[in-house]
Amino acid sequence: MFRSMLSAHLRCSSPAQLAFGSLQVVKQLQRQLSSASTAAAAAAAALGETNIQDPADTLEFPGGRVPFTHSLNFLGGPLTPSSPRIPCYRTLDGTGRHIPDAAVPHDLQQPEAVSLYKAMAKLQVMDTICYDAQRQGRFSFFMTCAGEEATVVGSAAGLDPRDVVFSQYREHGVLLWRGFSFDDFANQLYGNSLEPGKGRQMPIHYGSKELHYQTVSSPLATQLPHAAGAAYAMKLDGADTVTAAYFGEGASSEGDFHAALNFAATLGAPCLFICRNNGYAISTPANEQYAGDGIAC
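Residue positions within a chain follow its written sequence, with the count starting from 1. Restriction of local features to residues with pLDDT of at least 70 applies here, the model being predicted, together with a cutoff of 80 or more for giving and counting side-chain atom pairs; totals for whole chains, interfaces and linings are based on all residues. Only heavy atoms go into the side-chain values, all of them from the structure, while hydrogens and water stay out.

Draft legend 1. Seen up close, the sheet that holds strand 3 (residues 88-89). A pair of strands is labelled paired if DSSP reports no fewer than 2 bridges between them. In DSSP terms, a helix is any run of H or I states spanning at least four residues, a strand is any run of E spanning at least two, and both are numbered starting from the N terminus. Read across the sheet, three strands follow the order 1-2-3 without closing on themselves; strand pairing throughout is mixed. Lying at the two open borders of the sheet, with one neighbouring strand each, are strand 1 (58-61) and strand 3. Across two bridges, the pairing between strand 2 (residues 64-69) and strand 3 is parallel. When the sheet's bridge partners are listed, phenylalanine 68 is paired in strand 3 with cysteine 88.

Draft legend 2. The sheet that holds strand 4 (residues 164-166), seen in detail. Strand order in the open sheet formed by three strands is 4-5-6, with parallel pairing between adjacent strands. The sheet is open, and its two edges are formed by strand 4 and strand 6 (271-276), each paired on a single side. On average, each strand axis in the sheet is inclined to that of its neighbour by 20°, with strand direction left out of account. As paired elements, strand 5 (residues 243-248) and strand 6 share six bridges and run parallel to each other. Paired with threonine 243 across the two strands is cysteine 271, which belongs to strand 6. The contact criterion used throughout is that any non-hydrogen atoms of two residues lie within 4.5 Å. Here the axes come from fitting lines to C-alpha atoms, over the contacting stretch only for helices, and the angles between their N-to-C directions go from 0 to 180 degrees. Sitting on the sheet, helix 7 (residues 223-237) is in contact with strand 4, strand 5 and strand 6, with an inclination near 165° to strand 5.

Everything listed here is a matter of geometry and, on its own, says nothing about what the molecule does.
Shown next, in the form of structure tokens:
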């Protein structure tokens, strides 16, 4: 698979540390995408530490086990049988303690850290209320981001507010971070006259022109080539923004995934692909989807 992908599975032991890791990843990628082509960023990559043998210092997921790393690097070059597995970036160990020599390119100040935590807490509360409402038959459809709050909120905090987001189904935390209110979410879910689509979209198909968030599309992975095309347009216009395309690892089995990454890489488009790899595509485990060591974007 595309070895120029980010060397992080973005899976950690607590929401706070995962949000912090997500923010570090996105800020690091955003800096590289906005200042150089994808090819140049990959050429500057260096392999992180991968020789950790202690099971306590590895992460097990469907299909294999990968080591943790506290170095935020990029992988590139040809894939060989001896190529190391993509490690999982973290700045805290399994007990929640800081790793002394961990690479932290963008340190968090206390106010920003508190804002991240509040956003994740609000997202959990909203998901619980909306899920219960859907089960009561108040509206027809809802999908939570339970367990993935930090990946979404942390990456949203690392983006510029002008960066255009192309989401899948579980990234409403990005909208929440950017200022979408609970009322805005409720209006969309109920499909009333107060939401931009006037009830023409299914529930959870959020969108906001003001917040640079493209409306969710039902077919899986169609947002990925859209994001690559929009990023190429930004490059042609000389813009200093990027597109951010969210997807689950299950979407990587779609042809649109491969086409999008190929176009973005070939055209040098400033497109950031963010994979929520939780090991399952609904109920299909990752080891039944591909033979590699996982998807990390």
